[in-house]
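Understanding the architecture of this molecule
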Amino acid sequence: MNKIIALLAPLALLVSACVKDLDYDFDDVEPHVVVMSTVDPDTTLSLRLSFSRFFLSAEPFRKIEDATLQLVVNGQPQALNATQPNPGDYRLAYRPQYGDRLDLTVQVPGHEPVSASTVVPHPASVTGARASLHHASGVGDNVYAIRFTLHDPADEDNYYFLRLIEELDHGSMGHNYRYTNFSCSDYLLTQGVDLGTVFDNIDGSTPTEHYVDNLPFPDDNIAGRSHEVEIKVEKNYNTSGFILELVSLSRDRYLYELTADQYTDDPFESLIAEPVQVHTNIDGGIGIFAARTRTLVPIPLPQ
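Report follows, based on the coordinates. No experiment lies behind these values; they were computed from the predicted model shown. (Residues numbered from 1 in each chain as written. Predicted model: local features only at pLDDT ≥ 70, side-chain atom pairs only at ≥ 80, totals over all residues. Heavy atoms only, no water.)

1. Topic: the sheet that holds strand β3 (residues 68–73)
Ordered in space as β4-β3-β7-β8, the 4 strands form an open sheet in which the pairing is antiparallel. The open sheet is flanked by β4 (76–77) and β8 (114–119), the only strands paired with a single partner. Both strand β7 (residues 101–107) and β8 contribute to a ladder of 6 bridges, which runs antiparallel. Paired with Arg101 across the two strands is Val119, which belongs to β8. (Pairing = 2+ DSSP bridges. Helix = DSSP H or I, 4+ residues; strand = E, 2+ residues; numbered from the N terminus.)

Put into C-alpha cells, the structure is as follows:
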C-alpha cells in the first residue's frame, strides 16, 4: 500500500500543478430546442419540449410552453388540438398507424423552427415460439432454451431489440413482471454489435455466450430471410412463464437507444473512453422523434 501511495503522490502533484481555473459565461451559450418523443403505433402522440443548457450550468432545464406544432402524416397536414397536461408536455390529437410517415415541425418564438421525420415500422413477424428444458441441475437452477423464427422483410433495412420478460408467481400476492437476463450465442445477431461482452473463444471456433437483458441487432446478416433464434434463460423457483418482446425500430430510434445507453454507462468503468455523442434526428435542434413497434409473444413453460 505504501508503494502505491508513493507512486500516486508525484502524479497528484503533477495534476494539481496543471489545473487552471476557467471562467465561463453561461449567457453566451445559445440554448437549443430539445424535442423528446417516442412514436408508438395506435397511441396518442406525445412530446416534451425544453431548452438545452450549458453542461456546467446548475440551473434547471427550462420547459417550452408556447410552441406551435405542425404535423404532416403521409403528406396530409393534420388539424391538431394540442394540449399540455403538464408544462412543456404536449399531446397531439393523432394516433400513428403502421407504415405512417410523420413529419413534425416545432416553432418556438424567437428561434428558428426545428423539424424531424419518422416512419412507423410494421411489427416483427415471429412464429414457432416455444420453450424446452435445456438443463436442470437442482431447484432454482433450471435453464430453458427459447426458440422462435424471425421472418425479416425483404428489400428494407430493419432494426431490432430483443428482450425477455419474466412472469413471477407470488401466490396470494399475485403476479408481477420484470425484464430478465438471457444468453445468446447466435453470431449472425451479435456480430458487429458492441455489447462489451462478445468475444470469440481462444481457438476462434464459436462465439462465447454472453448474458444481456437487451440484445440490439440490425438485419444485416439475415436480410430478407427467415432465421431461427435461440436464447437461454435460467428459471427461478417462482417463474410461471416468459414473454418474448421483439421491438422493431426506425434507424434513428435504434441509433438513439444504442448511443444513449453508452452515454449513461457508469463512467468509472470506462475512464479512458471517448465521449459519446447521443444520436439525434432533430433538424435545427437536438433530441429524438422516432418510432418503434413492440411485438409480445407469451412463452409458456413446458409441463
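Continuing now.
2. Details of helix α3 (residues 251–263)
In an α-helix there are 3.6 residues to a turn, and that puts residues three or four apart on one side. Counted at 1.5 Å a residue, the expected span for α3 with its 13 residues is 18 Å, and the 18 Å between its end C-alpha atoms agrees. Each element contacted by the buried residues of α3 is listed here: β1 (33–39), β8, β11 (159–169), β15 (215–218), β17 (239–249) and β18 (286–300). (Expected span 1.5 Å × (residues − 1). Contact = heavy atoms within 4.5 Å.)

3. Thoughts on the packing of aromatic side chains
Taken as a whole and assessed by the stated rule, the structure comprises 3 aromatic pairs. Between Tyr159 and Tyr254, the aromatic rings sit 5.1 Å apart at their centres with planes inclined by 40°, giving tilted as the arrangement. In this pair, Tyr159 is assigned in strand β11 and Tyr254 in helix α3, connecting sequence segments 95 residues apart. A residue is classified by how much of its surface remains accessible, and Tyr254, at 5% relative accessible area, is buried. A centroid spacing of 5.9 Å and a plane angle of 55° characterise the contact between Phe161 and Tyr254, whose relative ring orientation is tilted. (Phe/Tyr/Trp six-rings, centres within 6.5 Å; stacked < 30°, edge-to-face > 60°. Buried < 20%, exposed > 50% of the residue type's maximum accessible area, 1.4 Å probe, protein only.)

4. What to know about the pairing of β18
On any regular strand, side chains alternate: one points to one face of the sheet, the next to the other face. Bridge analysis of β1 against β18 gives 6 bridges, and the strand direction is parallel. Its bridge partner lying in β18, Val39 is registered against Ala291. Bridge count between β17 and β18: 9 bridges; the pairing is antiparallel. Each residue of the ladder has a partner; that of Ile243, found in β18, is Pro298.

5. What about the nonpolar core?
Core analysis: the biggest nonpolar cluster contains 26 residues, and Leu162, Phe217, Ile231 and Leu244 have the highest contact counts within it. Going through the elements one at a time, β9 (125–136), β10 (142–151), β11, β13 (182–184), β15, β16 (226–235), β17 and β18 are the ones with two or more residues in this core. Per-element tally for this core: the top contributor is β10, with 4 residues. Apart from residues lying up to four places away in sequence, Leu244 is in contact with Val126, Phe148, Leu162, Arg163, Leu164, Ile231, Thr295, Leu296, Val297 and Ile299. Grouped together as the second largest cluster of nonpolar side chains are 25 residues, Val35, Ala67, Val106 and Ala291 included. (Core = buried A, V, L, I, M, F, W, Y, C linked by side-chain atoms within 4.5 Å.)

6. Thoughts on the pairing of β17
Most of β17 is tucked away: 10 of the 11 residues are buried. With 10 bridges joining them, β11 and β17 adopt antiparallel strand pairing. Residue Glu166 lies in a different strand from β17, and its bridge partner there is Phe242.

7. Thoughts on unusual backbone geometry
In most cases, non-glycine residues show a negative phi, while peptide bonds are predominantly trans. Phi angles above zero are rare outside glycine, and Asn74 is one such case at about 55°. Following the sequence through the fold, Asn74 ends up in the loop between β3 and β4. For Asp155, which is not glycine, the phi torsion reads 60° and is therefore positive. Tracing the chain through its elements places Asp155 in the loop between β10 and β11.

8. Topic: the side chain of Ser248
Checked against the element boundaries, Ser248 lands in strand β17. A polar atom in the side chain of Ser248 sits 3.4 Å from the backbone nitrogen of Ala124. Leaving out residues up to four positions away in the same chain, Ser248 has contacts with Pro121, His122, Pro123, Ala124, Tyr159, Tyr160, Arg292 and Thr293. (Polar contact = N/O pair within 3.5 Å; in protein donor to acceptor, adjacent residues only side chain to side chain.)

9. So, the pattern of salt bridges
Applying the stated rule across the entire model yields 11 salt bridges. Across the pair Glu245 and Arg163 runs a salt bridge whose closest N-O atoms are separated by 2.7 Å. Of this pair, Glu245 sits in strand β17 while Arg163 sits in strand β11, placing them 82 residues apart in sequence. Like Arg163, Glu245 is buried. Where salt bridges share partners, they join Arg147, Glu230 and Lys232 into one cluster. (Salt bridge = Lys/Arg side-chain N within 4 Å of Asp/Glu carboxyl O.)

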